[in-house]
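Descriptive analysis of the structure
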Amino acid sequence: MIKSFASKFLIGTAFASLTAAMLLAPQHALAGNTTSAGHGIKCYYVVVSSNPATGSQVLTRVCRKGGA
């Protein structure tokens, strides 16, 4: 039972960390890499995953229509 609880706790902590990182990444991405695709559409890159050991990151391009 203790192993099961420890495993669930670690998985929950990892999930919460990844979720927080994904929620904060778009705000950081908006700060410096926003480009215009025309007609009020703004595009920026969001970090999907990263590997701190190698320093590599996987990015995806997100576009949205600018609002008032």
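Refer to the preceding data block for the structure.
Residues numbered from 1 in each chain as written. Predicted model: local features only at pLDDT ≥ 70, side-chain atom pairs only at ≥ 80, totals over all residues. Heavy atoms only, no water.

So, on to the overall build of the protein. On a plain count of helices and strands, the protein comes out with one helix and three strands. Secondary structure of the protein in N-to-C order comes out as α-β-β-β. The burial tally for the protein puts 9% of its 68 residues in the buried class. Taking the intrachain contacts of the protein between residues at least 6 apart in sequence as the baseline, contacts between residues at least 24 apart amount to 12%. Carbon and sulfur atoms make up 68% of the accessible area of the protein, which totals about 5600 Å². (Helix = DSSP H or I, 4+ residues; strand = E, 2+ residues; numbered from the N terminus. Buried < 20%, exposed > 50% of the residue type's maximum accessible area, 1.4 Å probe, protein only. Contact = heavy atoms within 4.5 Å. Areas by Shrake-Rupley, 256 points an atom, 1.4 Å probe, with all protein chains shown as cover.)

Mapped onto the elements, Lys-65 comes out in strand β3 (residues 56–65). Taking the relative accessible area as the measure of exposure, Lys-65 reaches 60% and is therefore exposed. Excluding its chain neighbours within four sequence positions, the residues that come into contact with Lys-65 are His-39, Gly-40 and Ile-41. Engagement of the side chain of Lys-65 in a polar contact is seen with the backbone oxygen of His-39, the distance being 2.9 Å. (Polar contact = N/O pair within 3.5 Å; in protein donor to acceptor, adjacent residues only side chain to side chain.)

Below, the discussion takes up the pairing of strand β2 (residues 41–51). Pairing of strand β1 (residues 35–38) with β2, which is carried by three bridges, proceeds in the antiparallel orientation. Along β2, the bridge assignment pairs Ser-36 with Lys-42. The loop that links β1 with its antiparallel partner β2 comprises two residues; one of these, His-39, has a positive phi angle of about 60 degrees. Pairing of β2 with β3, which is carried by 10 bridges, proceeds in the antiparallel orientation. Note that in β3 the partner of Tyr-44 across the bridge is Val-62. Connecting the antiparallel pair β2 and β3 is a turn made up of four residues, with Gly-55 showing a positive phi of about 75 degrees. (Pairing = 2+ DSSP bridges.)

Here the focus is the sheet that holds β2. Read across the open sheet, the three strands follow the order β1-β2-β3; overall the sheet is antiparallel. This sheet does not close on itself; its edge strands, each paired only once, are β1 and β3. Taken over all neighbouring pairs, the strand axes of this sheet differ in orientation by 35 degrees on average, direction set aside. (Axes fitted to C-alpha atoms, helices over the stretch in contact; angles between N-to-C directions.)

Moving on: the state of the cysteines. Enumeration according to the criterion identifies one disulfide in this entry. A disulfide bridge connects Cys-43 with Cys-63, and the sulfur atoms are separated by 2.1 Å. With the S-S dihedral at roughly 110 degrees, the linkage between Cys-43 and Cys-63 falls on the right-handed side. In this pair, Cys-43 is assigned in strand β2 and Cys-63 in strand β3, connecting sequence segments 20 residues apart. (Disulfide = S-S within 2.5 Å.)

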